[in-house]
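Examination of the molecular architecture
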Amino acid sequence: MQLTINQKDTEKFRMVGDKVLIKPKHPQNQTKSGLYLPPTVEQGEKIQSGYIIKIGPGYPLPSQMDESEVWKKKKDEEVHYLPLQAREGDLAVYLQNAACEIRFDDETYLIVPHSAILMLIRDEGLFE
């Protein structure tokens, strides 16, 4: 399934929970020996890689409220999250079958749950 979004600003996007937005890294479509690979070969791969554009807040944690007074509402009750390991700019190696594809400004992006990410490659000096 593919979704097309008619929006002009990715800054307005908010990822939910443990989801990350990934810009897929397209591998070379030519082998070392010079053969050109059809697009179906890339789509058939089980593991893909791409750059993380946006991350969600993480896994929601249960509220730490007094069990004897569950009927009372707390005024400043705020949701707390366990942060994710992924950071914006990381290169993620993920399972292709767990990704949902969206189109935005004629670009393809993937929404991937954090649990489908197998490995992160982080270059600390990339954004300095």
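Values in this document were obtained by computation on a predicted structure and should not be read as measured data.

1. Things to note about the overall build of the protein
Within the protein, the secondary structure is distributed over one helix and nine strands. For the protein, the N- to C-terminal ordering of α and β elements is β-β-α-β-β-β-β-β-β-β. Each of the 128 residues in the protein was classed as buried or not, and the buried ones make up 26%. Taking the intrachain contacts of the protein between residues at least 6 apart in sequence as the baseline, contacts between residues at least 24 apart amount to 77%. Total accessible area on the protein stands at roughly 9,900 Å², and carbon and sulfur atoms take up 53% of it.

2. Examining the pairing of strand S2 (residues 19-24)
The side chains of a regular strand alternate between both faces of the sheet. Both S2 and strand S8 (residues 107-113) contribute to a ladder of four bridges, which runs antiparallel. Counted as the bridge partner of Val20 is Val112 from S8. Pairing of S2 with strand S3 (residues 47-55), which is carried by five bridges, proceeds in the antiparallel orientation. By the bridge assignment for S3, Ile22 is matched with Ile52.

3. Things to note about the packing of aromatic side chains
The tally for this structure, following the rule as stated, stands at two aromatic pairs. Between Phe13 and Phe104, the ring centres sit 5.1 Å apart and the planes meet at 65°, which makes this aromatic pair edge-to-face. Remark: Phe104 occurs in strand S7 (residues 100-104) and Phe13 occurs in the loop between strand S1 (2-5) and S2; sequence separation between them is 91 residues. Both residues of the pair, Phe13 and Phe104, belong to the buried class. Between the aromatic rings of Phe104 and Tyr109, the centroid separation amounts to 6.1 Å while the plane-to-plane angle is 55°, which identifies the pairing as tilted. We classify Phe104 as buried; its relative accessible area is 4%. One aromatic cluster in this structure is built from Phe13, Phe104 and Tyr109. Lying across the ring of Tyr109, Lys23 places its NZ or CZ 5.6 Å from the centre.

4. Some details on a nonpolar patch on the surface
On the surface, Ile47, Leu95, Leu118, Met119 and Ile121 cluster together to form a nonpolar patch covering roughly 430 Å² of accessible area. Per-element tally for the nonpolar patch: the top contributor is strand S9 (residues 117-121), with three residues. Its location among the elements puts Leu118 in strand S9.

5. Details of the pattern of salt bridges
Overall, the coordinates contain three salt bridges when judged by the stated rule. Where Lys19 meets Asp18, a salt bridge forms, and the shortest distance between an N and an O atom there is 3.1 Å. Of the residues examined, Lys19 reaches a relative accessible area of 32% and is grouped as partly exposed. The closest approach of N and O atoms between Glu107 and Lys23, which form a salt bridge, is 2.7 Å. Placement of the pair is Glu107 in strand S8 and Lys23 in strand S2, with a sequence separation of 84 residues. Exposure remark for Glu107: the relative accessible area of 33% places this residue in the partly exposed category.

About the thresholds
Residues numbered from 1 in each chain as written. Predicted model: local features only at pLDDT ≥ 70, side-chain atom pairs only at ≥ 80, totals over all residues. Heavy atoms only, no water. Helix = DSSP H or I, 4+ residues; strand = E, 2+ residues; numbered from the N terminus. Buried < 20%, exposed > 50% of the residue type's maximum accessible area, 1.4 Å probe, protein only. Contact = heavy atoms within 4.5 Å. Areas by Shrake-Rupley, 256 points an atom, 1.4 Å probe, with all protein chains shown as cover. Pairing = 2+ DSSP bridges. Phe/Tyr/Trp six-rings, centres within 6.5 Å; stacked < 30°, edge-to-face > 60°. Lys NZ or Arg CZ within 6 Å of the ring centre and 35° of its normal. Patch = residues over 30% accessible without salt bridge, like charges linked within 9 Å, V, L, I, M, F, W, Y side chains within 5 Å. Salt bridge = Lys/Arg side-chain N within 4 Å of Asp/Glu carboxyl O.

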